[in-house]
Amino acid sequence: MAMTVYFFGSLPNGVEPYYGGGEVGNQRTVDMLHKFGYKVRVVKKLRCSQTTSKFVKIATYPFRTAVGVGAFLALLLFGSRKAIVHISGFYGPTIFFEYLLAEAANLLGYKLIYEMRGGGAEAYHKSGSGIYRFCFARIVRIAKVVFSQGIENEPLLKSIADTPIFYYPNYVEDGYLPQVLPQKPQGTVNLIYFGRIEPQKNVKLIVETTSILQKHTDISLTIIGKGHRGYVGEVVRQMEQTLKPGTYTFISGYARIGIRTLLLDKHFLLYPSTLDREGQSNSITESMSCGVVPISSPQGFSRTVIGTDRLIVSDLSAQAYADRVLEILADGSYGQLSEFVYNRIKSNYTQAVIEPRLREQYERIADE
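Everything quoted here is computed from the prediction, not taken from an experiment. (Residues numbered from 1 in each chain as written. Predicted model: local features only at pLDDT ≥ 70, side-chain atom pairs only at ≥ 80, totals over all residues. Heavy atoms only, no water.)

Trainee: With reference to specific residues and values, describe helix H12 (residues 318–330).
Mentor: Along an α-helix, residues three or four positions apart point the same way, because every turn accommodates 3.6 residues. Taking 1.5 Å as the rise per residue, H12 with 13 residues should run 18 Å; its terminal C-alpha atoms sit 18 Å apart, in good agreement. Its buried side turned inward, H12 meets helix H7 (203–213), strand S10 (268–271), strand S11 (293–296) and helix H13 (334–348). Just downstream of H12 lies Gly332, where phi reads positive at about 75°. (Helix = DSSP H or I, 4+ residues; strand = E, 2+ residues; numbered from the N terminus. Expected span 1.5 Å × (residues − 1). Contact = heavy atoms within 4.5 Å.)

Trainee: Tell me what's going on with the environment of Thr308, and back it up with residues and numbers.
Mentor: Structurally, the position occupied by Thr308 is in the loop between helix H11 (302–306) and H12. Each C-alpha atom, one on Thr308 and one on Asn202, is 22 Å from the other, the two residues being 106 residues apart in sequence. Contacts of Thr308, omitting those with residues within four sequence positions, involve Arg303 and Phe340.

Trainee: An account of the packing of helix H10 (residues 282–289) against H13 is requested, with residue identities and associated values reported.
Mentor: It is the contact of H10 with H13, at a shortest axis distance of 7 Å, that shows an interaxial angle of 110°. Relative to H13, the element H10 is oriented roughly perpendicular. In the crossing of H10 with H13, the sense of the turn from one axis to the other is left-handed. Where H10 approaches H13, its residues Thr285, Met288 and Ser289 are matched on the opposing element by Val341, Tyr342, Arg344 and Ile345. (Axes fitted to C-alpha atoms, helices over the stretch in contact; angles between N-to-C directions. Parallel < 35°, antiparallel > 145°, perpendicular 65-115°, else oblique. Left-handed = near helix turned anticlockwise from the far one by under 90°.)

Trainee: Can you break down the packing of aromatic side chains residue by residue, with the values?
Mentor: If you walk through the whole model with that rule in mind, you get 16 aromatic pairs. Taking the centre distance of 5.8 Å and the plane angle of 45° together, the rings of Tyr38 and Tyr362 count as tilted. Of the two residues, Tyr38 is situated in the loop between helix H1 (20–35) and strand S2 (39–44) and Tyr362 in helix H14 (residues 351–367); the sequence distance between them amounts to 324 residues. A residue is classified by how much of its surface remains accessible, and Tyr38, at 9% relative accessible area, is buried. A residue is classified by how much of its surface remains accessible, and Tyr362, at 0% relative accessible area, is buried. Consider the rings of Phe147 and Tyr168, whose centres lie 5.5 Å apart with planes at 65°: the pair is edge-to-face. Here the residue Phe147 occupies a position in strand S5 (residues 145–148), and Tyr168 occupies one in the loop between strand S6 (165–167) and strand S7 (189–194), the gap between them amounting to 21 residues. Here Phe147 falls in the buried class, since its relative accessible area comes to 0%. Tyr168 gets classed as buried once you look at its relative accessible area, which sits at 2%. (Phe/Tyr/Trp six-rings, centres within 6.5 Å; stacked < 30°, edge-to-face > 60°. Buried < 20%, exposed > 50% of the residue type's maximum accessible area, 1.4 Å probe, protein only.)

Trainee: Can you tell me about the layout of surface pockets, naming the residues and giving the values?
Mentor: Approximately 270 Å³ is the volume attributed to the second largest pocket. Together, 15 residues line the second largest pocket, and Lys184, Gln186, His267, Tyr334 and Gly335 are the ones closest to its centre. The greatest single-element share of the lining of the second largest pocket, amounting to three residues, is contributed by H13. Partitioned by chemical class, the residues of the lining of the second largest pocket number six nonpolar, eight polar and one charged. (1 Å grid on protein atoms, 1.4 Å probe; cavity = no way out; pocket = protein on both sides within 12 Å on 5 of 7 lines; lining within 4 Å. Points joined across faces, edges and corners; volume = space filled by probe spheres on them. Nonpolar A, V, L, I, M, F, W, Y, C, P; charged D, E, K, R; others polar.)

Trainee: Explain the pattern of salt bridges to me, and be specific about the residues and the numbers.
Mentor: One pass over the structure, following the stated rule, counts 17 salt bridges. Arg28 is paired through a salt bridge with Glu286; the nearest N and O atoms lie 3.3 Å apart. Of the two residues, Arg28 sits in helix H1 while Glu286 sits in helix H10, which places them 258 residues apart along the sequence. Classification of Arg28 as buried rests on a relative accessible area of 7%. For Glu286, a relative accessible area of 1% corresponds to the buried category. Here Glu355 makes a salt bridge to Lys35, at a shortest N to O gap of 3.2 Å. Taken together, the residues span a long stretch of sequence, with Glu355 in helix H14 and Lys35 in helix H1 at a distance of 320 residues. Residue classification places Glu355 among the buried positions, given a relative accessible area of 15%. A network of salt bridges, in which partner residues are shared, links Arg28, Glu173 and Glu286. (Salt bridge = Lys/Arg side-chain N within 4 Å of Asp/Glu carboxyl O.)

These figures capture arrangement, not role.
In structure tokens, the structure reads:
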């Protein structure tokens, strides 16, 4: 009989493009579980449209949460106890209903997987209340295994319990990684950013960096994504006012499958994120797979994924990011770095690498 999995997490709503790496990663997990031949019952966290006002999002949050939690509790109550329960969580503000679901699964006799998505776990643990720390620790202790998006979470988890930890990073899907390293065009340097357009991603700093670089060499910039209309408008106006005509492109949203074609001729991804919950950026992983060299802040798990401090910039200034790009161009190391990041993804962050490891985890839990 096929294994059954009850999955709870953030997933695409089927109408809009994916919102953030959590939805991308969870959808890939569900797709792989189907590929393994498992029966998967999914309950989505309900979310608003990306264009919904902040006030409406906050006002409806308790109701949306109650609906999702209630639906999953009902599934657990009337479901088969032989199923594996997989809760994809973000801890922090969501820890309390994640605790409720995890405790219910435990009391009802299910085998529990708790997945930690996004970053900031240690900061939440240090600043959280005693109740917060109790709930988080309890989930870790009753889980059969904790899936962690970042290796950086392991010291915290090991300080709480000896629950097995599975490093489950974001990865590129089959067919996404080019068979050979893409060769980049000569004569111009093409920069790119794609992802959410919001202040903590420091997208305006990327435009400023490009403006500085245009004083030294031929530079183009492509920005792809969606965000709050006001901030997006500020970014577009800054591009129009500070960059040379014909050297910039803004694309409002884009299907992730189409991003790959836009990455093939790009040289650098600029990623100066200071987002509190930054984990492992799909933008970084997907760019590296196409030989695009990321210049990133150390936020989240970026340092581990990128694999070299040469591409990490701790100083949050446009000049610092511009200087790092110019250094790489001047010392002739670009080709070597492009090959390095391509091979790093090929060896560590592809579906071909991660899929058998995921299946092994599920089979081990099923056999316990």
